[in-house]
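In case you want the letters, here they are:
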Amino acid sequence: MERKLVGIPASPGIAVGPVHLLRWEIPEVRHRIIPDDAVDGEIRRLHDAFDRAKVRLRQIRDRVEQRAGAQEAAIFDVQRSILEDAELISAVEALIRQNLGAEKAFEIVMLEWSQKFSRAAHPMLRERVGDLKDVEIRVLTLLLNLPDHDPVDVMKGANAIIVTHDLTPSLTVQLDRQAIAAIATDAGTRTSHVAILARSLGLPAIVGLRNATEELRGHETAILDGSTGLLAINPTHRDIESYRERARQEALAEVELKHLSSLESVTTDGVRITLRANVDLPEEAELAATSGAEGVGLMRTEFLVVGRASMPDEEEQYRAYRRVVQAFGGRPVVIRTFDVGGDKLPVGGYATEANPFLGWRAIRMCLDQPELFGVQLRALLRAAVHGDVRVMLPLVVTVDEVRSARALLDEAARTLESRGEQFRRDVPLGVMIETPAAAVAADSFVRDVNFFSIGTNDLVQYTLAVDRGNANLATRFTPLHPAVLRLIRRTVDTAIEHNLEVAVCGEMASQPLMAFALIGLGVRQLSVAPRSVPLVKRIVRGISVAVAEEAAGAALAVDTAAASEAELRRGLAAAGFVENV
Ligand code: PEP
Ligand code: MG
């Protein structure tokens, strides 16, 4: 092969295909002065680019409408209407008549519009800033004749490996998932939004490549190995053959693991470990239900909002939750209320924040917007009629938040009652333990909640002060740091003492070595990516709790994450797991 780029493995699987480079950023525009006699031609060029952009927007709109419905597709009508705005067109034309090149003229007007919109008092207008940016990128790409950058150009059947800086929500909706074989990004880590989404979609992915978009030109052939984080550029036939062989082996191993799905998740000394699935998209539910998972331990509802101009209404949410609940029969389905903001989805219309991770997000935002939250709570209570729904609150730091949420849940029940709607009132309410505050003061919640679920992705981030999405910090994101292990232990002990259920639903649970550690720390419920259910079950069925406790005790007693890892590996090896897990 010509060369290798190494990133962070984010979603397993091997893909071979052409690189499709997506630079969804505003390109650099040169200041170009044109002579008087070129003005008319330049204006024609502008209109031509607008027309082509509108054709593409219509294509995307139709595709999104088919896949996700009219409401989601409406964003692209809004973008098209920007290109039909007479005021905008005449402002750009006026600058061209002052002898500016079309792309510079357009850029200047878009800048003015963005500034005006972002200062607007009305959230609906502020919401349009993202659309303006997308429109600007699309038109400039056409005016500058930049090849290969438009998501619409990824054609069906191309089996493309998308290489982009970061897969933003706006890009995600534009992509035709059937045309994509794999994803590679400069930014991100295992626990960032793009990695979670790729795993949900079952697409092999590598993140944290740092500068792949600069290294590559597009159209190279590449092999992407989502298990090792390797992107091989212009591989030889032999390279491709050997990877195809590995892909066959992986597929065989998966089939091999599949037989575990019907076996019990119980340790060699007879302790049952409940394995549930993390479900991010309702479409995933049916497949996840065949993984051997005993219910859903975390449904991330914010993915319902990806790339949309507005929140889904009660009926749409109700149907999405019901779909997941029904896929899992009567088994428990833990649905988390919207965790928007921060690293998740910047929902349109809200001001950007200097510190989004410490910002107005998740439960904070929901409690401050009781109407928006009420819609979700009503949909959840209605879906609860169809099975064992449990409601979970994200990013909680104080029990006051739980009490306020419970009051809103009661109010939602009253509203449904007055409407004569079918619903269940007594749904269990739990909290995610994902801040040091919640872990240290876990006892302050015990009278007000029905269960805990430890979100290790955020718990690690907030405990170690390491941004979970920052590729430069990926090696510092160490779930086995003594501080994290102690917080988990403390939370589990508190739960056991007060007879509360406690699960772990962060990435730690999906990784076999860490799952072993968690069992040793006393955790008896793990919620993992559907594909990880058999992998983790294999560990569960091969170890005893006694061995796990001993290894976790040793891991807690040492002073670095690396030393903890070594202790755990020793423990697993003692249990007969010789290969690298
Ligand atoms: C977590 O923080 O561990 C978690 C499960 O939630 P998310 O990854 O969605 O923040
Ligand atoms: Mg979280």
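Rules of the game
- Each residue is numbered by its place in its chain's sequence as written, counting from 1.
- Think of it this way: whatever chain is written first is A, whatever ligand is written first is 1, and the rest follow in order.
- Only residues with pLDDT of 70 or above have their local features reported here, since the model is predicted, and side-chain atom pairs are shown and tallied only from 80 upward, although totals for entire chains, interfaces and linings are computed over all residues.
- To get the side-chain values, all heavy atoms of the structure are used, and hydrogens and water are removed first.
- Because no water is among the atoms considered, metal sites can look incomplete, with donors defined as N, O and S atoms within 2.8 Å of the metal, or 3.2 Å for Na, K and Ca.
- Secondary structure elements are taken from DSSP: a helix is a run of H or I of four residues or more, a strand is a run of E of two residues or more, and numbering for both begins at the N terminus.
- Type-normalised accessible area, obtained with a 1.4 Å probe on protein chains alone, sets the label of each residue: buried when under 20%, exposed when over 50%, and partly exposed for intermediate values.
- Just so you know, the domain bounds were taken from an automatic or database domain assignment.
- Where helices are involved, their axes are fitted lines through C-alpha atoms of the stretch in contact, as for all axes, and angles between N-to-C directions lie from 0 to 180°.
- Relative orientations are named as follows: roughly parallel for angles under 35 degrees, roughly antiparallel for angles over 145 degrees, roughly perpendicular for angles from 65 to 115 degrees, and oblique for any other angle.
- The contact definition used throughout considers only heavy atoms, calling two residues in contact when any of these lie within 4.5 Å.
- As a working rule, the residues Ala, Val, Leu, Ile, Met, Phe, Trp, Tyr, Cys and Pro are called nonpolar, Asp, Glu, Lys and Arg charged, and the rest polar, with Gly in that last group.
- Given the number of residues in a helix, its expected span is that number minus one, multiplied by 1.5 Å.
- What the arc measures is the spread of directions leading from the helix axis to the C-beta atoms.
- For two strands to be treated as a pair, DSSP must find no fewer than two bridges joining them.

A. Geometry of the coordination of the magnesium ion (ligand 2). Surrounding the magnesium ion (ligand 2) are the protein donor atoms Glu 434 (OE) and Asp 458 (OD), at 2.0 to 2.2 Å. In this pair, Glu 434 is assigned in the loop between strand 13 (429-433) and helix 16 (436-440) and Asp 458 in helix 17 (residues 456-464), connecting sequence segments 24 residues apart. The pair formed by Glu 434 and Asp 458 is uniform in burial state, with each residue classed as buried.

B. Broad picture of the domain arrangement of the protein. Segmentation of the protein into domains returns domain 1 (3-24 + 151-253), domain 2 (36-143) and domain 3 (263-574). Once you take the C-alpha centre of each, domain 2 and domain 3 turn out to be 41 Å apart.

C. Representation of the packing of helix 19 (residues 512-520) against helix 22 (residues 561-574) within the structure. Interaxial distance between helix 19 and helix 22 falls to 10 Å at its minimum, and their mutual angle equals 90°. In terms of orientation, helix 19 and helix 22 fall into the roughly perpendicular class. The segment helix 19 lies against helix 22, with Leu 513, Phe 516 and Ala 517 engaging Glu 565, Leu 568, Arg 569, Gly 571 and Leu 572. The class makeup of the residues in the contact of helix 19 with helix 22 is five nonpolar, one polar and two charged.

D. Region of the structure containing helix 22. Taking 1.5 Å of rise per residue, the 14 residues of helix 22 would be expected to cover 20 Å, and the 20 Å separating its terminal C-alpha atoms lies within 8% of that figure. Looking only at helix 22, the buried set comprises Ala 561, Ser 564, Glu 567, Leu 568, Gly 571 and Leu 572. Mapping the buried residues of helix 22 onto a view down its axis gives an arc of 135°, with all of them on the same face. Exposed residues lying more than 90 degrees from the buried face of helix 22 are Ala 562, Arg 570 and Ala 574. Taken from the residues just after helix 22, Gly 576 is the one with a positive phi, measuring 100°.

E. Just the sheet that holds strand 3 (residues 14-22), in detail. Taken together, the eight strands give an open sheet; going across it, the order is 1-8-7-3-4-5-6-2, and neighbouring strands pair in mixed fashion. Among the strands making up the open sheet, the edge pair consists of strand 1 (3-6) and strand 2 (8-11). Neighbour to neighbour, the strand axes of the sheet diverge by 30° on average, direction disregarded. Pairing analysis gives four bridges linking strand 3 to strand 4 (residues 160-164), with the strands arranged parallel. Following the sheet pairing, Leu 22 is matched in strand 4 by Thr 164.

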